[in-house]
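# Fold and contact review
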Amino acid sequence: METWLLTLIVFSALVVLLAIGIPIAFAMLAIAAVGIYFTWGPQGLLVLFNTAYAEGTSYLLLAVPLFIFMANILKFSGLADKLYEVVYRWMGGLRGGLAMGTVVICAIFAAMAGISSVATISMGLIALPSMLQRNYNKVMAVGCINAGGALGILIPPSILMILYGNMAEVSIGRLFAGGMLPGILLAIIFVVYIGVRCFFQKNLGPAITEKYNWRDKFRSLKGVVFPIGLVVLVLGVIYTGVATPTEAAGVGAGGAVLTALIHRQLTWARMWQALKDTLRLTVMVFWIIIGAVSFTTFLAYAGIQDMLQEAIMAMEINRWIILIAIQLIFFVLGMFLDPAGIILLTTPIFVPIINQLGFDPLWFGILFIINMEMAYITPPFGFNLFILKSVVPPQISMADIYRSVGPFVLLQAICLAMVMIWPEIATWLPSIMVTK
């Protein structure tokens, strides 16, 4: 069969399976199994077993369940309440202060958890009722939580960075370092936007009426000691070369358990729940990994990858136009597919093209992650939109949640453009770090 015809059949089948509701992991795995069977016969199916075994036993990917466990323990640690108390006392007197502080808390949780759901759920349960009670505009209140929660995949440690680094053969530690400054930059952009808009539109985020003296403010800072200590511990051992990301994930998981114990929030029931949630999410991630790697292995052996890459490289157009077109493809895919699936599906296709065009795959990976952050809050199927819907009060509709993310998606696009124009934002810190 001609390669172009096989390509058309494969991607048409993928679209059909996804359209009828088949999970992306099983859609890719089914196409790979059928394609390999009809291309090489039953003996070719051994490729699927070898692929699943190799990925399932990867030492690098051991960091995934450890970071997920760390995030699930942090949900029960009581840190979110203490951090919000700090924000309330220090920033509540500013217009939009609670919303700006919520973004800051989300950034701190991003540096501890590696996934977006922890901050999104925590702030949806703690910050949102507080803001609504103080007459914050509901769209602004929901929007800052949606956008702030998505920082969890850009500010390291990040599960998606681990997946990208594994597929693209880029150092995970350097990816973590590369995401730090763009993540801080994006958080600052969110805070500035909220502050400026609430300054001119006072009804969006009125200042709180309670007053706190300096003694009360400084006393509340005890709540940030453990979060900052955990962040420094996990990221510090990576950036200084003391530990690999997998080893750092173990350190972080142990630190999260210790933090929950110190705050007297860890019970056997909560530990059991954290373990079950970790198992559930880890299994989902690894099924996506196995499905995507099997699918891309089939594409490689069938010559589809080479054909797509040659077709793109044959276009006599500026390399920056190709890069922008790839980002637009990511954005559209992010509206409908799981970001982890997008990374695992497209990385083997686009990274070789990026290398041939002379772009840095580490820098491209950070652009990729920023784009996937947009996917987390982009309608109609952004993960954070539905996570937040599960915890908001009844008076906030799905339409309100959809409306809340518009300005923040635009701000994410601005950050993406800034990192694209000034690559040093993503590449400077990795260039000076020690790796192990």
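The preceding data block contains the structure.
Worth saying up front: this structure is predicted, and the values here are computed from it rather than measured. (Residues numbered from 1 in each chain as written. Predicted model: local features only at pLDDT ≥ 70, side-chain atom pairs only at ≥ 80, totals over all residues. Heavy atoms only, no water.)

With respect to the helices and strands, the residue Met374 is situated in helix α18 (residues 361–377). Classification of Met374 as buried rests on a relative accessible area of 4%. Separated by 31 residues in sequence, Met374 and Val405 place their C-alpha atoms 9.6 Å apart. Setting aside anything within four residues of it in sequence, one finds Met374 in contact with Phe331, Val409, Gln412, Ala413 and Leu416. (Helix = DSSP H or I, 4+ residues; strand = E, 2+ residues; numbered from the N terminus. Buried < 20%, exposed > 50% of the residue type's maximum accessible area, 1.4 Å probe, protein only. Contact = heavy atoms within 4.5 Å.)

The final tally for this structure, using the stated rule, is 21 aromatic pairs. Ring-pair connections join several aromatic residues into one group, and the members of that group are Tyr164, Phe330, Phe350, Phe364 and Phe368. In this structure, Lys217 is placed above the aromatic ring of Trp214, and the distance from its NZ or CZ to the ring centre is 4.7 Å. Over the face of the ring belonging to Phe359 we find Arg319, whose NZ or CZ atom lies 4.3 Å from the ring centre. (Phe/Tyr/Trp six-rings, centres within 6.5 Å; stacked < 30°, edge-to-face > 60°. Lys NZ or Arg CZ within 6 Å of the ring centre and 35° of its normal.)

Moving on to the nonpolar core. Phe109, Met131, Ile194 and Phe364 are the most contacted members of the largest nonpolar core, which has 161 residues in total. It is helix α10 (residues 172–200) that provides the largest number of residues to this core, a total of 13 residues. Other than its neighbours up to four places away in sequence, Phe109 contacts Leu74, Leu79, Ala80, Leu83, Val118 and Ala119. (Core = buried A, V, L, I, M, F, W, Y, C linked by side-chain atoms within 4.5 Å.)

We now examine the side chain of Ser130. Its location among the elements puts Ser130 in helix α7 (residues 117–133). Overall, the relative accessible area of 11% leaves Ser130 in the buried class.

This paragraph deals with α18. Helix length check: α18 (17 residues) gives 25 Å between terminal C-alpha atoms against 24 Å at 1.5 Å per residue, within 8%. Burial analysis of α18 places 16 of its 17 residues in the buried class, which makes it a mostly covered element. At the N-terminal end of α18, a side-chain oxygen is found 2.9 Å from the backbone nitrogen of Leu362, two or three residues along, and the residue is Asp360. (Expected span 1.5 Å × (residues − 1). Polar contact = N/O pair within 3.5 Å; in protein donor to acceptor, adjacent residues only side chain to side chain.)

None of this, on its own, says anything about what the molecule does.
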